[in-house]
Each structure stands twice: as structure tokens, then as C-alpha cells.
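Residues per chain, in single letters:
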Amino acid sequence: MTSSEWAAVDRYIVDSLVADPDSEAALVANAAAGLPAIDVSPAQGKFLYLLARTARARRVLEIGTLGGYSTIWLARAVGAEGRVVTLEFAARHAEVARANLDRAGLGARVEIRVGAALDNLPGVAEDEPEPFDLVFIDADKINNANYVLWALRLTKPGSVIIVDNVVRSGALVEEESEDPGVQGARAAIELLDAEPTLTATVVQTVGAKGWDGFAYAVVNGENDE
Ligand code: SAH
Ligand code: DHB
Ligand code: MG
């Protein structure tokens, strides 16, 4: 299979099951604002939505908002009484995301905190005493392990932690890689393995965005293996 075939299958999946005007409008606005097209793909966005619904997530933390494309899917999943806190370094990205979320009618359930996530996470911990049910990590990859540690602090047994972009066209297996994205992915995966309160796997993906994958972890409780 070639990447053009992966993209063709993605188009078929999106046409059949994902097509959705509100989230597509966000992608149009992102492009108009000059944001990089590094959002999750539509099929992945809907998958995030389904994962959040399966987990019955009411409280979601996202690290890395960009234009709020993934945020739209997560905000839908938490329902009208739910809440999404999303952290974004670039003020311009956060502005575009705010407009996209408001246009989609989801603005009231989403808080965007602007700044470096590691600077904002202590404030999130202080202001959000209730644990998050799902954390989606998709920002600067070099900090992935730090974000997993924060996610652990901010969740409870049964919560889900997802780390985007860990396979990186297969570069994940390059032990000596100097690519910060690969180093961040490997550090996160080592932590997911070493941390006894987490059980994790990685799912590889192909599609419109080429070959990548995400790590998926659940926070263990007292009665879990
Ligand atoms: N989750 C988005 C894509 C995020 S792209 C989606 O799928 O639609 C990664 C984002 O992380 C970019 O907007 C970038 O500005 C932001 N980012 C980079 N470093 C960051 C940091 N230290 N703290 C918070 N956000 C950061
Ligand atoms: C990049 C970041 C992402 O979160 C992603 O899904 C794809 C690419 C990047 O920084 O290039
Ligand atoms: Mg990503």
C-alpha cells in the first residue's frame, strides 16, 4: 500500500461516516488564518470523540489546541454539562480556536488557557480539583513525558490518557535519534511502561496524514492488575 491509497481510503471513511460541516468549517478557518494543517485527521477526530464517549468523559484536558479542531470533537463528546480545558502556547492559535468553538456552538463548555502548558498546568491543578476523565496530549513532543506525569496527577482510576504522534513514520524505533519528536515519544512510552498506575499500548495509524500512531493508557485502580 502507498500513502495515496491510505489517503483514498481515508476519503472514503470520511465521506461515509465522518463528514461534518462544523468541524470542516474550523479547518477552512484555520487555513485562512495561516495555521499549520497539523490537526488530527477527521477520522481520528471522530475516533477521539468516540473514545471520550465510550469513557463517558465529562471532563477533558487537552494539551495543544491549535485551531481547536480536535477540541471540537472532544467538546461534543462531553455533552452540554461537560467541560474541556485546553492549553495552547500561541495566542493567535487560541484566538482562532475560540472563534471555531463559538461558531460550532461549543464555546461555553471549553476553556482555553494561553501559555506554555508546563507553566499553566499548576494553575489547572489548583483551579480544577475534580479529576479529568480523559487527557489528550498533542503539543510540543519533547515534553510528552512531563505531560504524562501531569496527566497522572490530574486524573483518577479509569481515566484515559492519549498521546498523539508517537510513531512518526516509523522513526519511533530509532533509539539514537536526535529528533526531539522521537525522543519525546520514546520517553513517554518508557514512562507509560515504568509507571505502575498506567496500562498502555500504542496503535499505529495510516491515512490522510501518512503513517503515525497514538499511545493509549488507562489509569489503574486498586482492583486492576
Ligand atoms: N490538537 C490539535 C493540534 C495541536 S498542534 C488538533 O488536533 O486539532 C500542536 C499545538 O501545540 C500548536 O498549536 C502549538 O502552538 C502548541 N504548543 C507547542 N508548544 C506548546 C507548549 N509548550 N504549551 C502549549 N502548547 C504548545
Ligand atoms: C505535528 C504536530 C502534530 O500534533 C501532528 O499531529 C502532526 C505534526 C508537527 O509538529 O509537525
Ligand atoms: Mg498531533
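Going by what an unreviewed UniProt entry lists, the chain is known as O-methyltransferase and is assigned to Nocardia callitridis.

Draft legend 1. Here's a closer look at the overall build of the chain. Each helix and strand counted, the chain has eight helices and seven strands in total. Seen through its C-alpha atoms, the chain measures out along the principal axes to roughly 45 × 45 × 30 Å. Taken over 225 residues, the chain has a buried fraction of 52%. For the chain, long-range pairs separated by at least 24 residues make up 71% of all intrachain contacts whose partners lie at least 6 apart in sequence. A gap of 8 Å separates the mean positions of the 19 positive and 34 negative side-chain charges of the chain.

Draft legend 2. Molecular detail of the pairing of strand β1 (residues 59-63). The element β1 is extensively covered by neighbouring structure, given that five of its five residues are classed as buried. Burial along β1 is two-sided: R59, L61 and I63 and V60 and E62, pointing in opposite directions, are all buried. In this sheet, strand β2 (residues 83-88) lies alongside β1 in parallel orientation, the contact comprising five bridges. Counterpart to I63 in the pairing with β2 is L87. Crossover handedness for the path β1 to helix α4 (residues 69-78) to β2: right-handed. Both β1 and strand β4 (residues 132-137) contribute to a ladder of four bridges, which runs parallel. Directly across from E62, in β4, lies its bridge partner F136.

Reading the values: the criteria
Residues numbered from 1 in each chain as written. Chains lettered and ligands numbered in written order. Predicted model: local features only at pLDDT ≥ 70, side-chain atom pairs only at ≥ 80, totals over all residues. Heavy atoms only, no water. Helix = DSSP H or I, 4+ residues; strand = E, 2+ residues; numbered from the N terminus. Buried < 20%, exposed > 50% of the residue type's maximum accessible area, 1.4 Å probe, protein only. Contact = heavy atoms within 4.5 Å. Lys, Arg positive; Asp, Glu negative; His and termini not counted. Charge placed at Lys NZ, Arg CZ, Asp CG, Glu CD. Pairing = 2+ DSSP bridges. Right-handed = clockwise from strand over helix to strand, strands pointing away.

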